[in-house]
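Examining the three-dimensional arrangement
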Amino acid sequence: MSTPPFLDLPRCARAQRVPTARGEFAALRAEPDGPVRGSALLVPGFTGSKEDFIALLAPLAAAGYRVTAVDQRGQYETGGPDDEAAYEVSALGADVRALTEVLAAEDGPVHLLGHSFGGQVVREAVLAAAEEGPLPWRSLTLMATGPGAIDPAEAARTRMLLDVLPVMGLEEIWQVMRQMDESSGSPKPALAPGVAEFLHRRWVANVPRSLAVTGAHLVAAPDRVDELAAVTAGTLPVLVVSGEQDYAWPVPEQGAMARRLGARRVVVAGAAHSPNAERPAATAEALAAFWA
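The rules we used
In this convention, every chain numbers its residues from 1, walking through the sequence in written order. Only residues with pLDDT of at least 70 are given local features in this predicted model, and only at 80 or more are side-chain atom pairs given and counted; all residues enter the totals for whole chains, interfaces and linings. Note that water and hydrogens are dropped before the side-chain values are worked out from all heavy atoms of the structure. Only buried residues count toward a nonpolar core, which is a set of Ala, Val, Leu, Ile, Met, Phe, Trp, Tyr and Cys residues joined through side-chain atoms within 4.5 Å. Only protein chains enter the calculation, and the probe is 1.4 Å; a residue is then buried if its accessible area is under 20% of its type maximum, exposed if over 50%, and partly exposed in between. Only DSSP runs of H or I with at least four residues qualify as helices, and only runs of E with at least two residues qualify as strands; both kinds are numbered from the N terminus onward. A side-chain nitrogen of Lys or Arg and a carboxyl oxygen of Asp or Glu constitute a salt bridge if their distance falls within 4 Å. Here the axes come from fitting lines to C-alpha atoms, over the contacting stretch only for helices, and the angles between their N-to-C directions go from 0 to 180 degrees. For classification purposes, angles smaller than 35 degrees are called roughly parallel, those larger than 145 roughly antiparallel, those between 65 and 115 roughly perpendicular, and all remaining angles oblique. Should the near helix be turned anticlockwise from the far one by less than a right angle, the crossing is left-handed, and should it be turned clockwise, the crossing is right-handed. In what follows, a contact means two residues having at least one pair of non-hydrogen atoms within 4.5 Å. Site definitions follow a grid-based scheme: protein atoms alone, a 1 Å grid, a 1.4 Å probe that fits but cannot get out for cavities, and for pockets an open set with protein on both sides within 12 Å along at least five of seven lines, plus lining residues having an atom within 4 Å of a point. Grid points are joined across faces, edges and corners, and a volume is the space filled by probe spheres set on the points. Between 30 and 60 degrees the pair is tilted, below 30 it is stacked and above 60 it is edge-to-face, where a pair is any two Phe, Tyr or Trp rings, Trp via its six-membered ring, whose centres lie within 6.5 Å. Three classes are used: nonpolar for Ala, Val, Leu, Ile, Met, Phe, Trp, Tyr, Cys and Pro, charged for Asp, Glu, Lys and Arg, and polar for all others, with Gly counted as polar.

Right, let's get into the nonpolar core. Counting 52 residues, the largest nonpolar core has Leu41, Val96, Leu112, Trp137, Leu140 and Leu261 as the members making the most contacts within it. Ranked by residues supplied to this core, first place goes to helix α3 (residues 117-130) with seven residues. Grouped together as the second largest cluster of nonpolar side chains are 27 residues, Leu42, Phe53, Val67 and Ala69 included.

In structure tokens, the structure reads:
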């Protein structure tokens, strides 16, 4: 999961719920002070939330972009049913399309971004939309995501979670994860006030069925890059962003994905799996330059 560097909303942003044809989604929305150059929809990854993008809101709004970061169905403050079908990647992609329709009614075609697992969700949204007609986005950004299943070491950790979800509650799992972190002996980064409590609150707010279905996708995700390249070529600009290191998908694998897509490629210095939270200023600069 991403760790937000802070939780206080910047002056340009507010928390609200976005109603769509597929239900309401919890969101953080940032508004430029001056003219609006465009609109963007930011989709978080596995165990993440809209707060993963909180440090991008002010710099992107300052660059003229109206930004909406959401909790996906089953995450944090959006919630969802105890129903496997609600969390299949195709269903989550349909949620993205419903959100896009609402935002596009305000500003026209939006810039679409998916982080980590969210990258595979937005990919699904684009592929499904391509079957029906012109794509309703101005650009597509895949951030810290890969062409298929996650790295084998990370997949093994995810399978451990999938094994215990049927027999342990989320609070129990949280306590076990904290004990494992403490026994690892690795240094822990200092957190801003309230962030540790937020991470706990966000974790236990996940819908367990969502974690089970999306986690199972991550360990066995198909490679659909060639399909995506076929529908975006000449019609939708694509950016692939990563940090210099990534535990979920190797950085060279992400670079190869960018080449297959004919995409612009940005590697954010000093960042790992969450450039949006770890190096937000440089990440926002890269996004604004691409969107412009």
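Before going further, it helps to examine the pattern of salt bridges. Should their charged atoms come close, side chains of opposite charge can pair. If you walk through the whole model with that rule in mind, you get 20 salt bridges. Arginine 11 is the salt-bridge partner of aspartate 33, the closest N and O atoms lying 2.9 Å from each other. In this pair, aspartate 33 is assigned in the loop between β2 (23-30) and β3 (38-43) and arginine 11 in the segment before β1 (13-20), connecting sequence segments 22 residues apart. The closest approach of N and O atoms between glutamate 227 and arginine 224, which form a salt bridge, is 2.7 Å.

Where α3 meets helix α8 (residues 225-232), the closest approach of the two axes is 10 Å, and the angle between their N-to-C directions is 55 degrees. Between α3 and α8, the interaxial angle falls into the category oblique. Where α3 crosses over α8, the two elements pack in a sense that is left-handed. Residues Arg123, Val126, Leu127 and Ala130 of α3 form the contact with α8, whose own contacting residues are Val225, Glu227, Leu228, Val231 and Thr232.

Considered as a void within the structure, the largest pocket measures approximately 1700 Å³ in volume. If you go around the largest pocket, you meet 47 residues; those closest to its centre are Met1, Met177, Arg178, Asp181 and Tyr247. Counting residues per element, the ones that place at least two in the lining of the largest pocket are α4 (152-164), α5 (170-184), α6 (195-205) and α10 (275-278). Counting residues per element, the lining of the largest pocket draws most heavily on α5, which supplies nine residues.

What follows covers the environment of phenylalanine 46. Tracing the backbone through its elements, the reader meets phenylalanine 46 in the loop between β3 and α1 (54-62). A relative accessible area of 17% means that phenylalanine 46 is categorised as buried. Between the alpha carbons of phenylalanine 46 and proline 5 there is a distance of 18 Å; along the sequence they are 41 residues apart. Other than its neighbours up to four places away in sequence, phenylalanine 46 contacts Met1, Phe117, Leu161, Leu211, Thr214, Gly215 and Leu218.

This paragraph deals with the packing of aromatic side chains. Applying the stated criterion across every chain, the model contains two aromatic pairs. Between tyrosine 65 and tryptophan 291, the aromatic rings sit 5.1 Å apart at their centres with planes inclined by 65 degrees, giving edge-to-face as the arrangement. In this pair, tyrosine 65 sits in strand β4 (residues 65-70) while tryptophan 291 sits in helix α11 (residues 280-291), placing the two residues 226 residues apart along the sequence. For tryptophan 291, a relative accessible area of 5% puts it in the buried group. Seen in terms of ring centroids, tyrosine 76 and phenylalanine 198 are 5.5 Å apart; in terms of plane orientation they differ by 85 degrees. Their pairing is edge-to-face. Taken together, the residues span a long stretch of sequence, with tyrosine 76 in the loop between β4 and α2 (89-107) and phenylalanine 198 in helix α6 at a distance of 122 residues. No difference in accessibility class separates tyrosine 76 from phenylalanine 198, as the two residues are buried.

Let us look at the packing of α5 against α6. As a packed pair, α5 and α6 sit with axes 9 Å apart at the nearest point and diverge in direction by 140 degrees. Compared by their axis directions, α5 and α6 come out oblique. Handedness of the α5/α6 crossing: right-handed. Within the contact between the two elements, α5 uses Leu170, Glu171, Ile173, Trp174 and Met177 and α6 uses Leu199, His200, Trp203 and Val204. When its residues are assigned to classes, the contact of α5 with α6 shows seven nonpolar, one polar and one charged.

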